[in-house]
Amino acid sequence: MTNNRTLAILKPDCVRRCLTGEVLRRIEIAGFKICALQMQQLTSKHAEGFYEVHRERPFFRDLIDFMTSGPCVPMVLEKEDAVGRFRTFIGATDPEQADKGTIRRLFADSKAENIVHGSDSPENAQKEIAYFFGEPGIPADAK
Ligand code: CMP
């Protein structure tokens, strides 16, 4: 399994707070190449499918409400060891636990509203990229 691509999502809090450009700039400066990107308003069905593994968690309903509360920006990023490096770059889920200088430490308000998603394994990156963009990295409507 190659590990040079990951799925990132700038979440609705990022877009709502006008941080999209700021976070994209930092992503590019950190050396991640943006291969595909599209602003989208998720439906409940799409968000529930994406977060299916969390369905039994107590925060599932709030997570779906949040992810459908406004537009988000899914994207495909490329870099060597993209999954691990992007997770280091964004920091821990809880911004209070995130390292200094990471995106979540800098910008996130809470564990729930944490600005950005990054795939947690190369296997999930491949699935998540396909879930949003069709074949890996190729926007579904570009085919
Ligand atoms: P994400 O990386 O998108 O993957 C699952 C998301 O669930 C996570 O980021 C958080 O936004 C959210 N999440 C995880 N744990 C909690 C929690 N304890 N309370 C609320 N939301 C959570």
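Look a little higher up for the structure.
> Any details on the overall build of the chain? Residues and values, ideally.
Counting its regular elements, the chain contains 7 helices and 4 strands. Mapped from its N terminus to its C terminus, the chain presents α and β elements in the order β-α-α-β-α-α-β-α-α-β-α. The globule rule puts the C-alpha radius of gyration for 143 residues at 15 Å, and the 14 Å found for the chain is close to it. With respect to the principal axes defined by its C-alpha atoms, the chain has extents near 35 × 35 × 25 Å. Counting over 143 residues, the chain shows a buried share of 43%. Taking contacts inside the chain between residues at least 6 apart in sequence as the whole, the part at least 24 apart equals 73%. Within the structure as shown, the chain displays about 7600 Å² of accessible surface, and the carbon and sulfur contribution to it stands at 49%. Mean positive and mean negative side-chain charge positions of the chain (20 and 21 charges, respectively) differ by 2 Å.

> So, the pairing of strand β3 (residues 73-78): which residues are in play, and what are the values?
A large share of β3 lies buried, amounting to 5 of its 6 residues. Here strand β1 (residues 5-10) runs beside β3; their pairing, made up of 6 bridges, is antiparallel. The partner of L10 across the bridge, within β3, is V73. The pairing of strand β2 (residues 33-37) with β3 spans 4 bridges and is antiparallel. Counted as the bridge partner of I34 is L77 from β3.

> Outline the side chain of E48, supporting the account with residue identities and numerical values.
In this fold, E48 is placed in helix α3 (residues 44-50). Looking at E48, its side chain comes within polar contact range of the side chain of R61, at 2.9 Å. For E48, the contacting residues outside a window of four places in its chain are R55, F60, R61 and I64.

> Quick rundown of the packing of aromatic side chains? Include the residues and the values.
Summed over the entire model, instances satisfying the criterion amount to 7 aromatic pairs. A centroid spacing of 5.2 Å and a plane angle of 70 degrees characterise the contact between F50 and F132, whose relative ring orientation is edge-to-face. Pair noted here: F50 is in helix α3 and F132 is in helix α7 (residues 122-133), with a separation of 82 residues, a long-range link. Since its relative accessible area comes to 6%, F132 is described here as buried.

> Can you explain the pairing of β1? Please cite residues and give values.
Within β1, 5 of the 6 residues are buried, leaving the element largely enclosed by the surrounding structure. Of the strand pairs in this sheet, β1 and strand β4 (residues 116-118) are connected by 3 bridges, and their pairing is antiparallel. Bridging across to β4, I9 finds its partner in H117.

> Give a description of unusual backbone geometry that names residues and reports values.
With a phi close to 60 degrees, C18 is a non-glycine residue in the positive phi region. For D81, which is not a glycine, the phi torsion comes out positive at approximately 50 degrees. Relative to the helices and strands, D81 resides in the loop between β3 and α5 (82-90).

Definitions and cut-offs
Residues numbered from 1 in each chain as written. Predicted model: local features only at pLDDT ≥ 70, side-chain atom pairs only at ≥ 80, totals over all residues. Heavy atoms only, no water. Helix = DSSP H or I, 4+ residues; strand = E, 2+ residues; numbered from the N terminus. Rg over C-alpha atoms; globule rule 2.2 N^0.38 Å. Buried < 20%, exposed > 50% of the residue type's maximum accessible area, 1.4 Å probe, protein only. Contact = heavy atoms within 4.5 Å. Areas by Shrake-Rupley, 256 points an atom, 1.4 Å probe, with all protein chains shown as cover. Lys, Arg positive; Asp, Glu negative; His and termini not counted. Charge placed at Lys NZ, Arg CZ, Asp CG, Glu CD. Pairing = 2+ DSSP bridges. Polar contact = N/O pair within 3.5 Å; in protein donor to acceptor, adjacent residues only side chain to side chain. Phe/Tyr/Trp six-rings, centres within 6.5 Å; stacked < 30°, edge-to-face > 60°.

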